[in-house]
Amino acid sequence: MASGDRRGAVEWFRRAAEQDQPDALFQLALMYETGDGVPQDEPEARRLYESAASQDDAASMLNLALMLDQGRGGRIELNAAIGWYIRAAAAALPEAQHALCELLLDGRGVDADPQKAAGWCHAAARQGHPPAQLLLATLYALGRGVAIDEVQAAAWLILAGNSGFPPAVKARDALLPDFSPDIRRKAKALSKTLIAAP
């Protein structure tokens, strides 16, 4: 892979995948999903992700959930997707935690539960996931699943915007000036304490 020999990489990943090696299953699935070194084949990618996910490979759990959720490589299977999102979120993958937050907010495939949604969003945001940070800022601003807290809202908005994530940068630059100078000062100080230590 590092030398650019994608075909050679596919062959070695395939050999390891035939022995049910989760990392190889994941890499081969990713190559089939994106058409990198092999013809794109989403059904095969989905099958390989499922094999790796069943061996507790967290990245495969997430990618399988996304494919099931979006109907890529087969029909949409939202219930199965939710199960894999939950397992990947429990393995502390912020992308899965953010996806669960959105599902719980929207009530898509699950009972709407803003408090649980905010909890998952908070878990992802503390790991430095900019979309979750932006969403959490919104939840604090609106009091959805959490009490309204302008300092928290502004602090998460600052963090999300500082990440360079374009929607967050736009939101920070547009909305932060609307907060009072005192709120902005407190939020700036708070923002330095919100991210979990690596």
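Residues numbered from 1 in each chain as written. Predicted model: local features only at pLDDT ≥ 70, side-chain atom pairs only at ≥ 80, totals over all residues. Heavy atoms only, no water.

Draft legend 1. Fine view of the overall build of the protein chain. When you go through the protein chain residue by residue, the secondary structure sums to 11 helices and 0 strands. In the protein chain, the succession of α and β elements from N to C terminus is α-α-α-α-α-α-α-α-α-α-α. Based on the C-alpha atoms only, the size of the protein chain along its principal axes is roughly 60 × 40 × 25 Å. In the protein chain, which comprises 198 residues, the share counted as buried stands at 42%. Counting every atom, the protein chain has about 10,200 Å² of accessible surface; 53% of that belongs to carbon and sulfur. Separation between the mean location of the 20 positive side-chain charges and that of the 25 negative ones in the protein chain comes to 7 Å. (Helix = DSSP H or I, 4+ residues; strand = E, 2+ residues; numbered from the N terminus. Buried < 20%, exposed > 50% of the residue type's maximum accessible area, 1.4 Å probe, protein only. Areas by Shrake-Rupley, 256 points an atom, 1.4 Å probe, with all protein chains shown as cover. Lys, Arg positive; Asp, Glu negative; His and termini not counted. Charge placed at Lys NZ, Arg CZ, Asp CG, Glu CD.)

Draft legend 2. Geometry of the packing of helix H2 (residues 22-34) against helix H4 (residues 58-70). Where H2 meets H4, the closest approach of the two axes is 10 Å, and the angle between their N-to-C directions is 30°. One finds that H2 runs roughly parallel with respect to H4. Here the hand of the crossing between H2 and H4 comes out left-handed. Seen from H2, the contacting residues are Phe26, Leu30 and Glu33; seen from H4, they are Ala59, Ser60, Asn63 and Met67. Here the contact of H2 with H4 is built from residues that sort into 4 nonpolar, 2 polar and 1 charged. (Axes fitted to C-alpha atoms, helices over the stretch in contact; angles between N-to-C directions. Parallel < 35°, antiparallel > 145°, perpendicular 65-115°, else oblique. Left-handed = near helix turned anticlockwise from the far one by under 90°. Contact = heavy atoms within 4.5 Å. Nonpolar A, V, L, I, M, F, W, Y, C, P; charged D, E, K, R; others polar.)

Draft legend 3. How the structure looks around unusual backbone geometry. Of note, the phi angle at Asp20 is positive, near 65°, even though the residue is not glycine. Checked against the element boundaries, Asp20 lands in the loop between helix H1 (6-17) and H2. A positive phi angle, near 70°, is found at Asp56, a position not held by glycine. Relative to the helices and strands, Asp56 resides in the loop between helix H3 (42-53) and H4.

Draft legend 4. Region of interest: helix H5 (residues 78-90). Taking 1.5 Å per residue as the helical rise, H5 with its 13 residues ought to reach 18 Å, and the 18 Å between its terminal C-alpha atoms agrees with that figure. Residues of H5 that are buried include every one of Leu78, Ala81, Ile82, Trp84, Tyr85, Ala88 and Ala89, and no others. Each buried residue of H5 sits inside an arc of 165° when the element is viewed along its axis, so together they form one side. Looking at H5, the residues exposed on the side facing more than 90 degrees away from the buried face are Asn79 and Ala90. Tucked into the core, H5 has its buried residues touching H3, H4, helix H6 (94-106) and helix H7 (114-126). (Expected span 1.5 Å × (residues − 1). Arc of directions from axis to C-beta.)

Draft legend 5. Representation of the environment of Ile86 in the model. As for its placement among the helices and strands, Ile86 is situated in helix H5. It is 21 Å that separates the C-alpha atoms of Ile86 and Ala29, two residues lying 57 residues apart in sequence.

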